[in-house]
Amino acid sequence: MPVAGASLGPAGVNQGSLIGKDSVAVACQTVPAGVPHLRPGLLGGTALATLAIGLGLTGCLPAHLRPSWAIYPLERHQRHDGIAVVSQPDGYGLHIWIETDTTTPGLCQPRWIVDAARLFNGNGTGPFSSGLAPRQEFFAAVARADVRRALRQQSQALCLERAPRRSFRWQEPPRSPQEVKAESFPLLEESDLLSDPAAVQEQEDQLLKPSPNPAAPKQR
């Protein structure tokens, strides 16, 4: 059955076309190179299969089936301490947390947390994050120049707020598990340790016991 308005030619695809059951809906502006001479009307059989393969190879997918790769600041506790990266369809992605490293005198640089949070509703008006995303997604995201550029801008702004008298030094984020550095923290001093619970309980019991009153007269 012919479909009204269906038009497909070398110059592009009519996005407003109606498509029959033996056809595919196309949300792209141009036809893949593998489908050079398609006639107007419905597609079927070999032409339909060729078009489907071409769409898959060229990444031509409807908007809701491909990530938007939107990148914007999304704070965690204060300004500039995180960015949202919409790396998956339907607004899913990563909430990458940004921390500062001031262990080097006079310098402030980013300290990377490769365990990013899972981003939800990244394309909406109220994005939020919960849980953790696989580290491999973090490595794939920071491999993009636009993600690293956003991280650098927010890291520098965060250092300016937390340590304005220090110079900012950019540190590239790790892009593989082998590049992740284990954090080393100073050893705890005795004053930092919690007291023994049993000893604390004994001290409390001693304080609650009534003390003898030497001025009280002895009973005969």
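This text follows the structure it describes.
What counts, and at which threshold
Residues numbered from 1 in each chain as written. Predicted model: local features only at pLDDT ≥ 70, side-chain atom pairs only at ≥ 80, totals over all residues. Heavy atoms only, no water. Core = buried A, V, L, I, M, F, W, Y, C linked by side-chain atoms within 4.5 Å. Buried < 20%, exposed > 50% of the residue type's maximum accessible area, 1.4 Å probe, protein only. Contact = heavy atoms within 4.5 Å. Disulfide = S-S within 2.5 Å. Helix = DSSP H or I, 4+ residues; strand = E, 2+ residues; numbered from the N terminus. Salt bridge = Lys/Arg side-chain N within 4 Å of Asp/Glu carboxyl O. Expected span 1.5 Å × (residues − 1). Phe/Tyr/Trp six-rings, centres within 6.5 Å; stacked < 30°, edge-to-face > 60°. Polar contact = N/O pair within 3.5 Å; in protein donor to acceptor, adjacent residues only side chain to side chain. Pairing = 2+ DSSP bridges.

(A) Molecular detail of the nonpolar core. Judged by nonpolar contacts, the single largest core of 18 residues is most densely connected at I83, V85, L94, I96, F138, V147 and L151. Those residues in contact with L151 that sit more than four places away from it in its chain are I83, I96, I98, W112, V142 and W170.

(B) The arrangement of the state of the cysteines in detail. If you walk through the whole model with that rule in mind, you get one disulfide. One disulfide bridge connects C108 with C159, the sulfur atoms lying 2.0 Å from each other. A torsion of -80 degrees about the S-S bond marks the disulfide between C108 and C159 as left-handed. Of this pair, C108 sits in strand β6 (residues 107-112) while C159 sits in helix α3 (residues 145-162), placing them 51 residues apart in sequence. Of the two residues, C108 and C159, neither departs from the other in class, the shared state being buried.

(C) Broad picture of the pattern of salt bridges. A full pass over the atoms with the stated rule returns eight salt bridges. A salt bridge links R135 to D115, with the shortest nitrogen-to-oxygen separation between them at 2.8 Å. Linking R135 in helix α2 (residues 135-142) with D115 in the loop between β6 and β7 (117-120), this pair joins segments that are 20 residues apart in sequence. For D115, a relative accessible area of 27% puts it in the partly exposed group. Of the charged contacts, one joins R118 and E137 as a salt bridge, the two residues approaching to 2.8 Å between their closest N and O atoms. Residue R118 is located in strand β7, and its partner E137 is located in helix α2; the two are separated by 19 residues in the primary sequence.

(D) Region of interest: helix α4 (residues 197-208). When the terminal C-alpha atoms of α4 are compared, their 17 Å separation across 12 residues agrees well with the 16 Å that a helix rising 1.5 Å per residue should span. For α4, the tally of buried residues reaches only zero of 12 residues, placing the bulk of the element at the surface.

(E) The arrangement of the packing of aromatic side chains in detail. Summed over the entire model, instances satisfying the criterion amount to four aromatic pairs. For the ring pair F120 and F128, a centre distance of 5.2 Å and an interplane angle of 15 degrees mean the geometry is stacked. Residue F128 is classed as partly exposed on the basis of its relative accessible area, which comes to 45%. Here the aromatic rings of F138 and F139 are separated by 5.9 Å at their centres, their planes lie at 75 degrees, and the arrangement is edge-to-face. Of the two residues examined, F138 and F139, each falls in the buried class. Through a chain of ring-to-ring contacts, three or more aromatic side chains come together here, namely Y92, F120 and F128.

(F) Quick peek at the side chain of Q109. If you trace the backbone, Q109 turns up in strand β6. Its relative accessible area of 7% is what places Q109 among the buried residues. Engagement of the side chain of Q109 in a polar contact is seen with the side chain of R169, the distance being 2.9 Å. When sequence neighbours within four positions are dropped, the list of residues in contact with Q109 reads E99, T100, D101, C159, R169 and Q171.

(G) Local environment of the pairing of β7. Across three bridges, the pairing between strand β5 (residues 93-101) and β7 is antiparallel. In the sheet register, G93 faces β7, and the bridge partner there is L119. Direction of pairing for β7 relative to strand β8 (residues 128-132): antiparallel, over a ladder of four bridges. Bridge pairing in β8 places F120 opposite F128.

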